[in-house]
Amino acid sequence: MTTVAYQGEPGSNSATAAHTLYPGCAEQPCTGFEQALDAVTLGTADVAVIPVDNSAAGRVADVHHLLPESGLFIIAEHFLAIRFDLMGVAGATVDQVECVRSHVHALGQCRKVLREGGWRTLVSDDTAGAAREVAELGDPRHAALAPPAAAARYGLDVLRAGVEDDPDNTTRFVVLSRDAVVAPDTGQPTMTSLFFSVRNIPSALFKALGGFATSGVNLTKIESYQVGAGLDASRFYVEIEGHPDERHVALALHELGFFSTEVRILGVYPAHPHRSRTAAGASGPAQAVQEGVDDDVRGLRGAQPGQLT
């Protein structure tokens, strides 16, 4: 049985993602993202399922800073449709509600129903935790905004279903493992996650990213953050479409290395089908590259995560 660590309580969206990816798994709920990553590092969990982006709220704070330092590898991604129900104690009605509890992001993603109800709000550490708190209070004046699974888990009644503002609300999760599992280059859509540190020279970032443009490699994400107490060293977390074994990707990575002090691949994994659905009608990354590729670029083919420097 696979043991999956995640941030949050049973019944949360992270728990739903964990069971979707690993049906019948053993849950290891954690109070924070760092604790979930530590569980994998220390061997008490096999993998961690961590949210990194939400279509409504943007990136999940702290995660991109923690990923490169964790020593773990991204082996998969998953897109989960986010649904919130307004739930209260058994027998409660909407008219009795005076206060609604949930995570700050959930409250921000359900503004319409909150405005309509005119309810007071309280911030909880977790959406499923808010449902547990309401169950423990046993007070019909208190309700929670939580995923549908939380109602059954904590014995609550659904007062209003599907109250999220955006019906297309989606969160992207990544799966992290101690061991690198590199997806083979089969021609199917593939994602590569990496981070790099630029040299402290003028236009270093512009030059480092230039290879992706000239090689036709699509960058789907770039995040920056400072390293340590100094202000002159910046790290960048990047996600690209493509496999390091593809020639145009290898060429871009080769050029990236010229202007970086460090380049490290964090994962090479299949692109989730959600990407192709949302990009329907859009042109993919360029497939044609120069016929002549330097021999030393071929040395990048087959690079394992953590080995590209």
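You'll find the structure just up there.
Residues numbered from 1 in each chain as written. Predicted model: local features only at pLDDT ≥ 70, side-chain atom pairs only at ≥ 80, totals over all residues. Heavy atoms only, no water.

**Points about the overall build of the protein chain**
Selection rule: The secondary structure listing takes helices from DSSP runs of H or I that are at least 4 residues long and strands from runs of E that are at least 2 residues long, numbered from the N terminus. The cut-offs for exposure are 20% and 50% of the maximum accessible area for each residue type, with area from a 1.4 Å probe on protein chains only; residues under the lower value are buried, those over the upper are exposed, and the others partly exposed. Areas reported as accessible are Shrake-Rupley estimates using a 1.4 Å probe. Residue values count occlusion only from the protein chains shown.
Within the protein chain, the regular secondary structure consists of 11 helices and 15 strands. For the protein chain, the proportion of its 309 residues judged to be buried stands at 50%. Accessible surface, the protein chain as shown: approximately 14300 Å² in total, 51% of it carbon and sulfur.

**Structural notes on the pairing of strand β7 (residues 99-102)**
The condition is simple: For two strands to be treated as a pair, DSSP must find no fewer than two bridges joining them.
Of the two faces of β7, the one holding C99 and R101 and the one holding V100 and S102 are both buried throughout. In the sheet, β7 pairs with strand β8 (residues 120-123) via 4 bridges, with the strands oriented parallel. Residue pairing across strands places S102 opposite V123, the latter belonging to β8. Pairing of β7 with strand β9 (residues 142-146), which is carried by 3 bridges, proceeds in the parallel orientation. Bridge assignment links C99 to a residue of β9, and that residue is H142.

**Examining the nonpolar core**
The tendency in soluble globular proteins is for nonpolar side chains to be buried as a group. What counts is decided by this rule: Buried residues of nine kinds, namely Ala, Val, Leu, Ile, Met, Phe, Trp, Tyr and Cys, make up a nonpolar core once their side-chain atoms join them within 4.5 Å. In this analysis, two residues are considered to be in contact whenever any of their non-hydrogen atoms come within 4.5 Å of each other.
Of all hydrophobic cores here, the largest spans 28 residues; its most connected members are V49, L86, V100, L114, W119 and L145. Residue assignment for this core shows that the elements contributing at least two residues are β1 (3-7), α1 (13-21), β3 (47-54), β5 (73-81), α4 (104-108), α5 (111-117), β9 and β11 (170-177). If near-sequence neighbours (up to four positions away) are discounted, L145 is found in contact with F84, D85, L86, V100, R101, S102, A106, L107, C110, L114, T127 and V163. Counting residues in each nonpolar core, the second largest holds 25 residues, with F33, L37, I74 and M191 among its members.

**A few points about helix α9 (residues 247-258)**
Basically, it comes down to this: Working rule for helices: expected span equals 1.5 Å times residues minus one.
Between its terminal C-alpha atoms α9 stretches 17 Å, which fits the 16 Å expected from 12 residues at 1.5 Å a residue. Every buried residue of α9 is accounted for by H248, V249, A250, A252, L253 and L256.

**Considering the packing of aromatic side chains**
Filter applied, for reference: Ring pairs shown here join Phe, Tyr and Trp side chains whose ring centres sit within 6.5 Å, with only the six-membered ring taken for Trp; geometry is labelled stacked below 30 degrees between planes, edge-to-face above 60, and tilted in between.
Within this structure, the stated rule accounts for 1 aromatic pair. Note on F196 and F236: the rings are 5.4 Å apart at their centroids and 20° apart in plane angle, and the pair reads as stacked. Of the two residues, F196 is situated in strand β12 (residues 190-198) and F236 in strand β14 (residues 234-241); the sequence distance between them amounts to 40 residues.

The values are spatial; any link to function lies outside them.
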